[in-house]
Amino acid sequence: MKLEDLIAYFRKAGVFEDFCQDYSLDVEAEVIEVYMQKPFSLDSDLAFFEIEKTEGNIEHISDGVKYYNLFDFYYFLDMIEELKEGDNKKLSDKEVAERVLSYAIKDA
């Protein structure tokens, strides 16, 4: 899944619990984290891990692939809620993805 796809899913009323089930994530986890391989780009695939597996590390290796933490899912869901208001509703999913990725990189 790409960042733009994730944004589109939740902007169109996707449900967190359904998402977790689809990606075999523990909905009861303390936090689900969103990771990406480098180089960071809109074309890069995302990976999702429970914090219990990553131990909150910035880097996480899964199946021999190194991923880097972008943000946690609660932060992401808060952003999506803010995007449902005002002029933000007019932004395309790609524009939102560009802003989210830029912020995640600069904030890291």
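Note that the structure is predicted; figures quoted are calculated from it, not measured.

Reading the values: rules and limits
- Residues numbered from 1 in each chain as written.
- Predicted model: local features only at pLDDT ≥ 70, side-chain atom pairs only at ≥ 80, totals over all residues.
- Heavy atoms only, no water.
- Helix = DSSP H or I, 4+ residues; strand = E, 2+ residues; numbered from the N terminus.
- Rg over C-alpha atoms; globule rule 2.2 N^0.38 Å.
- Buried < 20%, exposed > 50% of the residue type's maximum accessible area, 1.4 Å probe, protein only.
- Contact = heavy atoms within 4.5 Å.
- Salt bridge = Lys/Arg side-chain N within 4 Å of Asp/Glu carboxyl O.
- Pairing = 2+ DSSP bridges.
- Axes fitted to C-alpha atoms, helices over the stretch in contact; angles between N-to-C directions.
- Left-handed = near helix turned anticlockwise from the far one by under 90°.
- Nonpolar A, V, L, I, M, F, W, Y, C, P; charged D, E, K, R; others polar.

Draft legend 1. Looking closely at the overall build of the protein chain. Secondary structure assignment for the protein chain yields five helices and four strands. Secondary structure elements of the protein chain occur, N-terminal to C-terminal, as α-α-β-β-α-β-β-α-α. What you see for the protein chain is a C-alpha radius of gyration of 13 Å, in line with the 13 Å of a compact globule of 108 residues. With the C-alpha coordinates aligned to their principal axes, the bounding extent of the protein chain is approximately 40 × 30 × 20 Å. A total of 108 residues make up the protein chain; the buried ones form 41% of that total. Put simply, 58% of the contacts in the protein chain that link residues at least 6 apart link residues at least 24 apart.

Draft legend 2. Up close: helix H1 (residues 3-11). Those residues of H1 lying buried are Leu3, Leu6, Ile7, Ala8, Phe10 and Arg11. Next to the buried residues of H1 lie helix H2 (16-22), strand E2 (46-50), strand E4 (65-72), helix H4 (73-83) and helix H5 (93-107).

Draft legend 3. Spatial organisation of the pattern of salt bridges. Scanning the entire structure with this criterion turns up six salt bridges. Taking the shortest distance from any N to any O, the salt bridge between Glu59 and Lys66 comes out at 3.7 Å. The shortest N-O distance in the salt bridge between Lys90 and Asp87 comes to 3.7 Å. Of the two residues, Lys90 and Asp87, neither departs from the other in class, the shared state being exposed.

Draft legend 4. Broad picture of the sheet that holds strand E3 (residues 59-62). Read across the sheet, four strands follow the order E2-E1-E4-E3 without closing on themselves; strand pairing throughout is antiparallel. On the outer flanks of this sheet lie E2 and E3, each paired with one strand and no other. In this sheet, neighbouring strand axes are inclined to one another by 45 degrees on average, regardless of whether the strands run parallel or antiparallel. In the sheet, strand E1 (residues 32-36) pairs with E2 via five bridges, with the strands oriented antiparallel.

Draft legend 5. A look at the environment of Tyr23. Relative to the elements of secondary structure, Tyr23 occurs in the loop between H2 and E1. Under the relative-accessibility criterion, Tyr23 is labelled partly exposed at 36%. As a C-alpha pair, Tyr23 and Phe49 span 26 residues in sequence and 9.5 Å in three-dimensional space. Dropping the residues within four chain positions of it, Tyr23 is found in contact with Met1 and Phe48.

Draft legend 6. Main features of the side chain of Glu50. Topologically, Glu50 is positioned in strand E2. With residues up to four places along the chain from it excluded, the contact list for Glu50 reads Ser24, Leu25, Asp26, Ala29, Val31 and Ile32.

Draft legend 7. Fine view of the packing of H1 against H5. For the pair H1 and H5, interaxial distance at closest approach is 9 Å and the crossing angle is 115 degrees. Regarding H1 and H5, the two cross each other, and that crossing is right-handed. Packed against H1, whose contacting residues are Leu3, Glu4, Ile7, Ala8 and Arg11, the element H5 presents Asp93, Lys94, Val96, Ala97, Val100 and Leu101 at the interface. Its residues assigned to classes, the contact of H1 with H5 comprises seven nonpolar, no polar and four charged.

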